[in-house]
2 protein chains.
Amino acid sequence: MPETPSPHTPTPASYRSTARTVPTRARERASYDHESVHGILDETYICHLGFVRDGAPVVLPTLFARVGERLYVHGSTGSRPLRMASTPEPAHRGGTDAGSGPDSGDPGLAVCLTVTHVDGLVLARSAFHHSINYRSVVVHGIARQVTDPDERRAALDAIVDHVVPGRSEDSRRANDRELAATAVLSLDLDEVSAKVRTGGPDDEPEDASLPYWTGVVPVTRGYGTPLPADDLDPSVTLPGYLSTL
Amino acid sequence: MPETPSPHTPTPASYRSTARTVPTRARERASYDHESVHGILDETYICHLGFVRDGAPVVLPTLFARVGERLYVHGSTGSRPLRMASTPEPAHRGGTDAGSGPDSGDPGLAVCLTVTHVDGLVLARSAFHHSINYRSVVVHGIARQVTDPDERRAALDAIVDHVVPGRSEDSRRANDRELAATAVLSLDLDEVSAKVRTGGPDDEPEDASLPYWTGVVPVTRGYGTPLPADDLDPSVTLPGYLSTL
C-alpha cells in the first residue's frame, strides 16, 4: 500500500522537470527538490553564468546570492551581460520562456547559471570508470534587471553576505553614486536541477582483482589566515565572523 | 628608448585578442600570453563548458585536459553537447569562426570553455569595493569530434592524468567497447584570454579611517586522506603519485 504523507511530514517542495533539466544520462543523479538545490547554491558564492552573444555562448565566473526562490548577480553597468539584459533584442531571449515573462517591458536575457562543488576524485581500477564526486546545480531562465531600489540594496547585501556572512553590516554601504554604477540581475528558481555523485568507484566485476589502488581522494576547501591590509588601523581587531568562516 | 628584446629573452607567445576576448571592463586584468593561460588551465581539471541549444545557453561542469595548444573534453556518446558536436546543424556554430574551420565535413559546436580559480576574498571597507582574487581563462571556439584513434586515446589518458598525474599508466586502459561509448571533443587554443585579480582591497581614500577590518582572506584547496574502496586488496599500497598529490 502506498504511504500517505502524514501532516507532520510535509512533502518536500520540488521544481518542475523539463526537457532541459532532465539529463540525457545518469538520470538517477538528478534531483529537483528545493532543499537539495538550495543547499548546493548556498555553499558557495561563485557561479558560472552563460549567455548567448552574436549566436555564440559566453561563460563568465561571477558572484551570486540566493534570496528565497530568486538568485541575484551583479556587476558594472558597463559589463556585457548586464547591458544585454536591458537591451530589447529578442535574439538574446531564446529558450522556452521567450515572450512569456511577467515584465513584458523588460526583454531580459536568457541565461544558464551553474554552480559546482567538487568533493572527491574517484579512482577506479579501469580508466573508463574514473569519475568525480560532485554536486552541481543548473538554473535555466531569463535574467532581468532589478530596478526597485529596495530590492537592489537587499540583493547587494545578500551578495556580500553570501561571500562572508555578516559582512554587509560591518562595512560602508554603497552610496548613490556606487549604486548608480552597479547593475543587478535577478533569476527566478523555476527551471532548476541538481546533480550529485557520491560514493566509491563502480568498477566492472571482472576488474576486481587488478592490482591498482582504488578508492576516493577527498577534495577539501578552506580559508587561510586573514591578511590585514597594509593601512589597517592596528586597533581594528579581526571580526568574529572571519574567525569562524 | 624602447627596450629591444635580446636573443636570450624571447618574446612570450601570445594569443590574438578579439572583440570577445577583450573585456569591457578591468582590461588591465586581462592577459593573452601562452604562459599565463597554460598555467591557469593546468592547475585544475574542472571547466564549465557553455554551448547553445535551441537558442538558449547551457553551462555544464566537465573534466578537461590540455595537450599543447589543444583542449580536450570527453563524455558519453549519448550526452547532449557531444551529440550536438557531430550534428550538421549550422545554428550550433555561431561566432566569428563559423564556416572557416579546417574540417568542413565536421560542423563542430560553438563553445565557450571557462576555468576559474578563486584565490582570496577581498574585504574592503566599503561594500562596493569588495572583490575576489581570482584567475580565470575563457576559451571561445568550435569544438570538434576527435575521430583519430591515437588522438582519442592520448586525449583520454591526458584527462585522467590531468586529474591525478601518473594515473593513466596505473589503471586498466579503456577497451574497444569503452572507447566506442566515449566521445572526445577538441578545442584549439586560439581565441583565448586570461583574467587575473591579485592584491589587497582598493578603497576610496576618504574611507581610510572607517573602523572596519580590511584585508584579504586566502582561499585554500587541498586533498584529504585517500579512502580505499571496500574491496581493495590490502596488499595494494597507496601509490606515490597519491601521496604527493
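Cut-off values and rules
Residues numbered from 1 in each chain as written. Chains lettered and ligands numbered in written order. Predicted model: local features only at pLDDT ≥ 70, side-chain atom pairs only at ≥ 80, totals over all residues. Heavy atoms only, no water. Helix = DSSP H or I, 4+ residues; strand = E, 2+ residues; numbered from the N terminus. Buried < 20%, exposed > 50% of the residue type's maximum accessible area, 1.4 Å probe, protein only. Contact = heavy atoms within 4.5 Å. Areas by Shrake-Rupley, 256 points an atom, 1.4 Å probe, with all protein chains shown as cover. Salt bridge = Lys/Arg side-chain N within 4 Å of Asp/Glu carboxyl O. Expected span 1.5 Å × (residues − 1). Polar contact = N/O pair within 3.5 Å; in protein donor to acceptor, adjacent residues only side chain to side chain. Least-squares fit on C-alpha atoms with pLDDT ≥ 70 in both. Buried area = accessible area lost by both parts, 1.4 Å probe. pLDDT = per-residue confidence, 0-100.

Examining the overall build of chain A
Helix and strand counts for chain A come out as five helices and 10 strands. Taking all 245 residues of chain A together, 53% fall into the buried category. Taking all contacts inside chain A whose residues are at least 6 apart in sequence as the whole, residues at least 24 apart take part in 71%. On chain A, roughly 11,400 Å² of surface is accessible, and the fraction owed to carbon and sulfur atoms is 53%.

Let's talk about the pattern of salt bridges
One side chain can pair with another of opposite charge once the charged atoms of both are near each other. Applying the stated criterion to the full structure yields 32 salt bridges over all chains. For Asp190(A), the salt bridge identified is with Arg16(A), shortest N-O distance 2.8 Å. Here Asp190(A), found in the loop between strand 7 (182-188) and strand 8 (191-197), pairs with Arg16(A), found in the segment before strand 1 (30-31); they are 174 residues apart in sequence, far enough to count as distant. Residue Asp190(A) is classed as partly exposed on the basis of its relative accessible area, which comes to 31%. Classification of Arg16(A) by relative accessible area gives partly exposed; the value is 40%. Note that Arg125(B) is salt-bridged to Asp203(B), the shortest N-O span being 3.8 Å. Within this pair, whereas Arg125(B) is found in the loop between strand 6 (109-123) and strand 7 (131-145), its partner Asp203(B) is found in the loop between strand 9 (191-197) and strand 10 (215-223), the two being separated by 78 residues in sequence. Asp203(B) matches Arg125(B) in its accessibility class, with the two residues each being buried. One network of salt bridges, in which partners are shared, links Arg16(A), Arg20(A), Asp190(A) and Glu191(A).

Some remarks on helix 3 (residues 149-163) of chain A
One full turn of an α-helix is made of 3.6 residues, so residues set three or four places apart face in the same direction. The end-to-end C-alpha distance of helix 3 of chain A, which contains 15 residues, comes to 22 Å, matching closely the 21 Å that a straight helix rising 1.5 Å per residue would cover. Two or three places before Asp150(A), at the start of helix 3 of chain A, stands the capping residue Asp148(A), its side-chain oxygen 3.2 Å from that residue's backbone nitrogen.

What to know about the relation of the copies chain A and chain B
Of the two same-sequence chains, chain A is brought onto chain B (RMSD 0.0 Å, axial shift 0.0 Å) by a rotation of 180°. These values place the two chain copies in the arrangement generated by a two-fold rotation axis. When C-alpha distances to the rotation axis are compared across chain A, the minimum falls at Arg221(A), with a value of 2.3 Å. When you check the interface residues of chain A against chain B, 100% turn up at the interface there too, and the contact is symmetric in its surfaces.

Quick look at the interface of chain A and chain B
Counting residues at the interface gives 89 residues for chain A and 89 residues for chain B. In total, about 7,100 Å² of surface goes out of reach between chain A and chain B, with carbon and sulfur atoms giving 65% of it. Per-residue buried area on chain A facing chain B is highest for Pro57(A), Arg172(A) and Trp213(A); these three make up 11% of the total on that side. Of the charged contacts in the structure, one is a salt bridge between Asp207(B) and Arg172(A), with a shortest N-O distance of 2.8 Å. Taken together, the connections running from chain A to chain B amount to 29 residue pairs in polar contact (both at pLDDT 80 or more). For the side of chain A that touches chain B, the leading source of residues is strand 9 (residues 215-223) of chain A, giving nine residues.

Side note on the confidence of the model for chain A
Detail in the predicted coordinates should be disregarded across regions flagged by low pLDDT. Residue and element names in this part refer to chain A. The predicted model of chain A has a mean per-residue pLDDT of 88, with 87% of residues at 70 or higher. By mean pLDDT, the top-scoring element of chain A is strand 5 (residues 109-123) (98), and the lowest-scoring one is helix 2 (residues 80-84) (77). Note on residues 1-6: pLDDT is under 50 here. Beyond four places in sequence and across chains, it has one contact. Per-residue pLDDT stays below 50 along residues 94-104; that stretch engages in 20 contacts with residues further than four places along the chain or on separate chains. What the predictor reports for the complex is a pTM of 0.89 with an ipTM of 0.89.

Brief notes about the environment of Val118(A)
With respect to the helices and strands, Val118(A) occurs in strand 5. Since its relative accessible area comes to 13%, Val118(A) is described here as buried. Along the chain, Val118(A) and Leu63(A) lie 55 residues apart, while their C-alpha atoms are 18 Å from each other. Residues within four places of Val118(A) in sequence aside, it is in contact with Ile132(A), Asn133(A), Tyr134(A), Val219(A), Arg221(A), Tyr45(B) and Ile46(B).

Some details on the side chain of Ser131(B)
In this fold, Ser131(B) is placed in strand 7. Residue Ser131(B) is classed as buried on the basis of its relative accessible area, which comes to 18%.

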